[in-house]
Amino acid sequence: LLNNIHKEIFETIDHKAEVHALQQDIKELKKKEKKTVSERSLENKILDTLDTAVVEYVPSKIKLNININKRNDRETVLMVSDSHYDEKVNPEEILYLNEYSPEIAQKRLIKTFEEVIEYSIDAKSKILNLFIMGDLVSGYIHDELKANSSVKLSKAILQLVDALAKSIVEAKKYYKSIKVISVVGNHARFNPKIEFKSAAVNNFEYLLYEFLKKEVTKNVESFVNPESKFWIHNILGSNFYITHGDD
């Protein structure tokens, strides 16, 4: 009899444990169900919002105003400045790291025109704006410049005129138009003392430019050699302030 009672007690305990476990499982399932319902509710809200946005969306009207012809309006700018043509740099004085002479200056000038012309061909530019911006020669304003000059100033000017003129004439074969604007530098002034009155005309480069203008008149659309140390030139609606920069 006692054994039967014990058996019934243990069976009752086991049954209660199973019931408790099942109740816990039911609670977990209800929590998961509630979370799932909440997530579905959020998804439904998002879908409803997207559906509304799609229905209400009105495509914007965008029209790009492209002027195909304007894209071909390109002009090249070449600035030639500070060649100091008459100076000489002896390689032995600078550990043979470099050297300079009128012959090297001419080679550099030719190379510059070649590179610019090739660039213009690639860019489909038919107009060259040539800015000659001074100090093409070093002049005589300092004793050191006189002593280090490899060619007399008068000859340097004539050689430069010849080199520039021939370069411009050759360049005209590749351009529809060439416009030249020249301003003097500070090294070629007549007087070692800086002067502001008639500073442009009292400069050897003013003469150089006048000689050059006569040589290339037939090959350029315009050639400006102002009695001023600066000039304003317009290219495709933009103004360029051209000056040597020593003021």
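Whatever comes next refers back to the structure up there.
Note that the coordinates shown come from a computational prediction; the quantities given were computed from them, not determined experimentally. Just so you know, the residues in each chain are numbered from 1, in the order the chain's sequence is written. In view of the model being predicted, local features appear only for residues whose pLDDT reaches at least 70, and side-chain atom pairs are presented and counted only at 80 or more, with totals across whole chains, interfaces and linings using the full set of residues. Hydrogens are left out, water is left out, and the side-chain values use all remaining heavy atoms of the structure.

**Comments concerning the pattern of salt bridges**
A side-chain nitrogen of Lys or Arg and a carboxyl oxygen of Asp or Glu constitute a salt bridge if their distance falls within 4 Å. Inspection of every chain in the model, using the stated rule, returns 5 salt bridges. Across the pair Lys166 and Asp162 runs a salt bridge, and its minimum N-O distance is 3.4 Å. Placement of the pair is Lys166 and Asp162 together in helix H4 (residues 153-171), with a separation of 4 residues, close to one helical turn. A salt bridge links Lys173 to Glu170, with the shortest nitrogen-to-oxygen separation between them at 3.1 Å. The exposed category is assigned to Lys173, whose relative accessible area is 59%. Burial status follows relative accessibility: with a 1.4 Å probe on protein chains alone, a residue under 20% of its type maximum counts as buried, one over 50% as exposed, and anything between as partly exposed. For Glu170, a relative accessible area of 41% translates into the label partly exposed. The secondary structure listing takes helices from DSSP runs of H or I that are at least 4 residues long and strands from runs of E that are at least 2 residues long, numbered from the N terminus.

**Topic: the packing of H4 against helix H5 (residues 204-216)**
Running from N to C, H4 and H5 cross one another at 35°; their axes reach a closest spacing of 9 Å. Between H4 and H5 lies a crossing of right-handed hand. Counting all contacts with H4, which are made through Leu153, Ile157, Leu160, Val161, Leu164, Ala165 and Ile168, the residues of H5 involved are Phe204, Leu208, Phe211, Leu212, Glu215 and Val216. Amino acids are sorted into nonpolar (Ala, Val, Leu, Ile, Met, Phe, Trp, Tyr, Cys and Pro), charged (Asp, Glu, Lys and Arg) and polar (every other residue, Gly among them). Residue composition of the contact of H4 with H5, grouped by class: 12 nonpolar, no polar and 1 charged. Orientation is described by axes fitted as lines to C-alpha atoms, over the contacting stretch for helices, and by angles from 0 to 180 degrees between their N-to-C directions. The sense of a crossing depends on the near helix, which, turned anticlockwise from the far helix by less than a right angle, makes the crossing left-handed and, turned clockwise, makes it right-handed. What makes two residues a contact is simply this: any of their non-hydrogen atoms within 4.5 Å.

**Concerning the nonpolar core**
The nonpolar core is taken to be a set of buried Ala, Val, Leu, Ile, Met, Phe, Trp, Tyr and Cys residues, with the residues joined through side-chain atoms within 4.5 Å. The biggest cluster of nonpolar side chains holds 39 residues, and the ones touching the most others in it are Leu130, Leu136, Ile168, Ile178, Val180, Leu208 and Leu212. Top contributing element to this core by residue count: H4, with 10 residues.

**What to know about the packing of helix H2 (residues 102-123) against H4**
Running from amino to carboxyl end, H2 crosses H4 at an angle of 20°, the nearest separation of the two axes being 11 Å. The pairing of H2 with H4 is recorded here as roughly parallel in orientation. H2 and H4 meet at a crossing whose hand is right-handed. Here H2 contributes Pro102, Gln106, Leu109, Phe113 and Ile117 to the contact with H4, which in turn contributes Gln159, Ala163, Leu164, Ser167, Ile168 and Ala171. Note on angle classes: values under 35 degrees are labelled roughly parallel, values over 145 roughly antiparallel, values of 65 to 115 roughly perpendicular, and the remainder oblique.

**A word on the environment of Val184**
As for its position among the elements, Val184 is in the loop between strand E3 (177-182) and H5. Take Val184: its relative accessible area is 2%, and that puts it in the buried class. Taking C-alpha positions, Val184 is 7.0 Å from Asp135, a pair spaced 49 residues apart along the chain. Once residues lying within four places of it in the same chain are set aside, the contact partners of Val184 are Gly134, Ala199, Ala200, Asn203, Glu205, Tyr206, Tyr209, Lys229 and His244.

**Points about the pairing of strand E1 (residues 75-80)**
The two faces of E1 differ: Thr76, Leu78 and Val80 on one face are buried, but Glu75, Val77 and Met79 on the other face are not. Two strands qualify as a pair provided DSSP detects at least 2 bridges between them. Here E1 pairs with strand E2 (residues 127-132) via 6 bridges, running parallel. Bridging from a neighbouring strand, Val77 pairs with Asn129 of E2. The β-α-β motif built from E1, the intervening H2 and the parallel element E2 has right-handed crossover chirality. Seen with its strands pointing away from the viewer, a crossover is right-handed when the path leading from the first strand over the helix to the second is clockwise.

**Digging into unusual backbone geometry**
Despite not being glycine, Tyr96 has its phi angle at roughly 60°, a positive value. Here Tyr96 lies in the loop between E1 and H2. Given a relative accessible area of 62%, Tyr96 falls into the exposed group.

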